[in-house]
Amino acid sequence: MASILRFRKLYYVEQAVKCSSVGFESLDQSTKIDQKLNKKEEDVNNLALGINKRKRAKEWRCIDSCCWIIGCLCTTWWLLLLLFHCWPVTLLRVPELPGPGDRLKREGLTALHPVVLVPGIVTGGLELWEGRPCADGLFRKRLWGGSFTELFKRPLCLLEHLSLHYETGLDQPGIRLRAVPGMVAADYFAPGYFVWAVLIENLAKIGYEGKNLHMAAYDWRLSFQNTEIRDHALTKLKTRIELMYITNGYKKVVVLPHSMGVIYFLHFLKWVEKPPPMGGGGGPRWCAKHIKSIMNIGPAFLGVPKAVSSLFSAEGKDASYLRAMAPGIFDSEILGLQTFEHVMRMSRTWDSIVSLMPKGGDTIWGSMDWSPKEGHVCDFSKKSHSHTSLSDNNVNNSDIKRGFRVKALAKYGRIISFGKAASVLHSSQLPTVDSKEFSRTSASLNLNISCGDVWTEYDEMNRQSIQNVAAHKAYTSTTLLDLLRLVAPKMMRRAEAHFSHGIADNLDDPKYNHYKYWSNPLETKLPDAPDMEIYCLYGVGLPTERSYVYKLSPSSRCKSIPYKIDSSVNGEENSCLRGGVYFADGDESVPVLSAGFMCAKGWRGRTRFNPSGIATYIKEYRHKPTTSLLEGRGTESGSHVDIMGNSALIEDILRIAAGATGDEIGGDRIHSDILRMSKGINLPL
């Protein structure tokens, strides 16, 4: 019986094991099926996730491009700074050549005449004294000049603070920016980018210091008379010159203005003689008593065409190239940066830019079918340096090939042309520009429309007026003023109360006693100071903006600038037309015509603009590019700012400051065609 029971027990156990094994097998099969389903579902999810990632990548492509460009620029900038500061000193141990100051000191040159430095536009630092809530923590910190770190942190806030009042041209309510005082105002524009620093260092080598060297810093945004009205800058400059004259043994002062500082100091020369309240009350002999020489560096006496493009479309050569390279960033309606609109809104509050508009009209800059630069061909090839003295009146500069030459087909009198054809066709084939066409018509655009905070005076023009301005037309320096009165009437009304751009018929007319004429060398007389010397020191051999080819902007975005430089337009090989810009000889900023004409002809000898016969000299410095990155910005540069480190320029300045005269340092040195161009200008003297 027991054996039977054991047999039955084994039988049931075996059946149970079989059943359980079958259950496990089915469980394993269902598990495998679930795993396969899960794997398929996971593959589908991964595929969908990949598609979503690709979609997101497409959506962020513009921002990625923007960040990539900014990153490349920043990386390149810091890398160049690293190479510039570290390689020559710590790695290569390249011995530095002695500068002009060291060499002249060994020759026995010492400081004699006090020196005053007058900076130009944008190179002087501005610091905050009162601001809006967005500028908290920036009291007495530089908002312009220096590291510019705050510009990247809060750009719109800084643009607001750098802007002046649109109606008055003075401070906006609740905002006060003032010029940084002292040498640090303009020694460096940004870390590693010198302006006056190299010249100051060389002056110090021969004995200059605070008692006989002064930086006449001022707020370069303001009109020249407003620097006196708001800050008493002209009075401070007069007092400082008188003090330096007395404390340095009654030695006359040598003044070194740069760029726009040249016409700022020209304004001062007239202001200091005039009686108060409009003038400084120094009398007609003040300049003869206190000033030995005025050495104008990179002088913009007759203006610069790039001021036109800045006011008309907030562009220039570099900005138009950058805009063409990255249209998805600057012109993107998605990003809505409105970079150029912000810049235009700010810069049109600066009266100083209007002071740099071309002066002299068609007589100086050329008409529709004539300009002083006719008969030349663009040629950047290196030519032998020449030395020409203006004392020889028989010199025929048309027979001397030198410098940068300009092509005859270019109509340089047409500073703005809409379309390439309008820049070269004869004027008889173009629509005439009638001043009556510039009667302004109001647009129906409501300025309170929700289009963002940026607006310019273009928003007050209707579409028909905008199209009429283009219409295949061309504008000379005379009709340009009418054009700007149309597109920016408020700005021009404000600015033209402080500046004039014509040619005086009769300088004895009492109207020229008004300060609006004092910064135009063609509408004012030099002081009665026959022993004083005036120098025009500037670089040549660099392509400089002379005129522009424009087109209507395709953007339909509200509150946008309707015109832009047509960067797709280029000329033939060796043509002066590149990227929608016609180039001429100059220092990259100021054409030779503007820098040298007054010293070559307008003030040469006794003329109605120079009745006392003040001696004038031209010193041109041919640009020589650096051969390697290790040379930095070079010691033979002719560029508008880099020329401040030019060894030949520094040597000329040091010799004059130490007591030499213009004849003792070699008289005139000319490489360009300034004499030929001046001869072709029919200006009664």
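Here is what the cut-offs are and how they apply
Residues numbered from 1 in each chain as written. Predicted model: local features only at pLDDT ≥ 70, side-chain atom pairs only at ≥ 80, totals over all residues. Heavy atoms only, no water. Axes fitted to C-alpha atoms, helices over the stretch in contact; angles between N-to-C directions. Helix = DSSP H or I, 4+ residues; strand = E, 2+ residues; numbered from the N terminus. Parallel < 35°, antiparallel > 145°, perpendicular 65-115°, else oblique. Contact = heavy atoms within 4.5 Å. Pairing = 2+ DSSP bridges. Disulfide = S-S within 2.5 Å. Salt bridge = Lys/Arg side-chain N within 4 Å of Asp/Glu carboxyl O. Buried < 20%, exposed > 50% of the residue type's maximum accessible area, 1.4 Å probe, protein only.

A.B. asks: Sorry, what's going on with the packing of helix 11 (residues 306-313) against helix 14 (residues 339-347) here?
C.D. replies: As a packed pair, helix 11 and helix 14 sit with axes 8 Å apart at the nearest point and diverge in direction by 115°. By the criterion of interaxial angle, the relationship of helix 11 to helix 14 is roughly perpendicular. Residue-level inspection shows Ser-310, Leu-311, Phe-312 and Ser-313 of helix 11 in contact with helix 14, the latter providing Phe-340, Met-344 and Ser-347.

A.B. asks: Help me understand the sheet that holds strand 4 (residues 176-179) in this model?
C.D. replies: Strand pairing in a sheet is mediated by backbone hydrogen bonds. Such pairs are either parallel or antiparallel. As summarised here, the arrangement of the three strands in space is 3-2-4, forming an open sheet in which the pairing is antiparallel. Across the chains shown, the open sheet's two edge strands, defined by having one partner strand only, are strand 3 (142-144) and strand 4. For this sheet, the mean inter-axis angle between neighbouring strands, taken without regard to orientation, is 45°. Packed onto the sheet, helix 5 (residues 155-162) meets strand 2 (126-130), strand 3 and strand 4 and runs at close to 80° relative to strand 3.

A.B. asks: Whenever I open this one, the state of the cysteines confuses me. Can you help?
C.D. replies: Working definition: the covalent bond between the sulfur atoms of two cysteines is a disulfide. Scanning all chains against the criterion turns up two disulfides. Sulfur-sulfur distance for the disulfide between Cys-134 and Cys-157 comes to 2.1 Å. Measuring the twist about the S-S bond at about 80°, one finds the Cys-134-Cys-157 disulfide to be right-handed. On the criterion of sequence distance, the pair formed by Cys-134 in the loop between strand 2 and strand 3 and Cys-157 in helix 5 is long-range, its members being 23 residues apart. Through a disulfide, Cys-536 is tied to Cys-599; the S-S separation comes to 2.1 Å.

A.B. asks: Looking at this structure, I do not really get the pattern of salt bridges. What am I missing?
C.D. replies: Oppositely charged side chains may form a pair once their charged atoms are brought near each other. Per the stated rule, a full pass over the model turns up 29 salt bridges. Put simply, Asp-482 and Arg-485 hold a salt bridge, and the shortest N to O gap is 2.7 Å. You can see Asp-482 and its partner Arg-485 sitting in helix 19 (residues 477-487), three residues apart, about one turn around the helix. With a relative accessible area of 22%, Asp-482 lands in the partly exposed category. Judged by relative accessible area, Arg-485 falls into the partly exposed class, the value being 35%. When the shortest N-O distance is used, the salt bridge between Lys-624 and Glu-636 registers 3.5 Å. Here Glu-636 lies in the loop between strand 17 (615-622) and helix 22 (647-657) and Lys-624 lies in the loop between strand 17 and helix 22, a separation of twelve residues in the sequence. Judged by its relative accessible area of 44%, Lys-624 falls in the partly exposed class. Assessed through its relative accessible area of 39%, Glu-636 is described here as partly exposed. Counted as one network, the salt bridges with shared partners bring together Asp-171, Arg-178, Asp-219, Arg-221, Arg-230 and Asp-231.

A.B. asks: Just checking my understanding: could you explain the environment of Gly-174 for this structure?
C.D. replies: Mapped onto the elements of the fold, Gly-174 is located in the loop between helix 5 and strand 4. Beyond its immediate chain neighbours, meaning those up to four positions away, Gly-174 contacts Glu-130, Gly-131 and Arg-132.

A.B. asks: Would you mind showing me how to read the sheet that holds strand 8 (residues 253-257) here?
C.D. replies: Here six strands make up an open sheet; going across it, the order is 7-1-8-9-12-17 and the pairing parallel. Strands at the two margins of the open sheet, each flanked by one partner only, are strand 7 (213-215) and strand 17. Across the sheet, the mean angle from the axis of one strand to that of its neighbour is 15°, orientation sign disregarded. Across four bridges, the pairing between strand 1 (residues 115-118) and strand 8 is parallel. Its bridge partner lying in strand 8, Val-118 is registered against Pro-257. Contacts from helix 6 (residues 197-205) reach strand 1, strand 7 and strand 8 within the one sheet, and its direction differs from that of strand 7 by about 165°. Along the sheet face, helix 22 touches strand 1, strand 8, strand 9 (291-297), strand 12 (533-540) and strand 17 and points at about 170° away from the line of strand 9.

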